Amino acid sequence: METSNESFNLLHQIANDCYKMGHFYYACKAFDVLERLDPDPEFWEGKRGAAIGVFQKTIMGQETTDVLQEVVNLLRSSNNPQVEHMINKVMKKWAQQNKVRLE
C-alpha cells in the first residue's frame, strides 16, 4: 500500500483490532510497520504487548515456535533498549528450558 494518511490509519486500525481480538501475530506485524513509519512510543508498546501475546500463546501450545521466531526478528528491528531483555532473559531462557530452538 502507498504511504498515505488513509493507509496509515487503516494499518493502525488493523493493529488495534487484531490486538483486541487476540490475533497477536498480525498485530505485532502491523505495529512493527507503524513503528518504522512513526517513532511514536504507542507503536512500540503495541508491538511489545503483541509480542508477549505471541509468546504466551506459544507457551500454551496455541502458536508455533516458527511464529515466535518471526516475532523475535521483528523485535530486533526496534531500537528500544527493552528488546534485548525480552529476547535474551525471557524468550530465549524459556526456549532453552523447553529445548526449543530460537535464534
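Conventions used here
- Residues numbered from 1 in each chain as written.
- Predicted model: local features only at pLDDT ≥ 70, side-chain atom pairs only at ≥ 80, totals over all residues.
- Heavy atoms only, no water.
- Helix = DSSP H or I, 4+ residues; strand = E, 2+ residues; numbered from the N terminus.
- Polar contact = N/O pair within 3.5 Å; in protein donor to acceptor, adjacent residues only side chain to side chain.
- Disulfide = S-S within 2.5 Å.
- Buried < 20%, exposed > 50% of the residue type's maximum accessible area, 1.4 Å probe, protein only.
- Phe/Tyr/Trp six-rings, centres within 6.5 Å; stacked < 30°, edge-to-face > 60°.

Visitor: What am I meant to see in the environment of His12 here?
Guide: For His12, the location among the structural elements is in helix α1 (residues 5-21). Within the structure, the side chain of His12 is placed 3.1 Å from the side chain of Glu42, a separation counted as a polar contact.

Visitor: Any chance you could explain the state of the cysteines here in plain terms?
Guide: By definition, a disulfide links two cysteine residues through a covalent bond between their sulfur atoms. Tallied over the full model, the rule gives zero disulfides. Cysteine Cys18 is unpaired, with the sulfur of Cys28 as its nearest cysteine sulfur at 11 Å. Judged by relative accessible area, Cys18 falls into the buried class, the value being 16%. Residue Cys28 is classed as buried on the basis of its relative accessible area of 0%.

Visitor: Which parts of the structure should I look at to understand the packing of aromatic side chains?
Guide: Ring pairs (aromatic) are described by centroid distance and by the angle formed between their planes. For the structure shown, the criterion picks out four aromatic pairs. Judged by centre distance (5.9 Å) and plane angle (75°), the ring pair of Phe8 and Phe43 falls under edge-to-face. You can see Phe8 sitting in helix α1 and its partner Phe43 sitting in helix α3 (residues 41-59), a full 35 residues away along the chain. Assessed through its relative accessible area of 21%, Phe8 is described here as partly exposed.

Visitor: Can you help me understand the environment of Asn80 in this one?
Guide: Relative to the helices and strands, Asn80 resides in the loop between α4 (65-76) and α5 (82-97). On the basis of relative accessibility, which here comes to 23%, the residue Asn80 falls in the partly exposed class. As for Asn80 and Arg48, which are separated by 32 residues in sequence, their C-alpha atoms are 10.0 Å apart. There is a polar contact of 2.8 Å between the side chain of Asn80 and the backbone nitrogen of Gln82.

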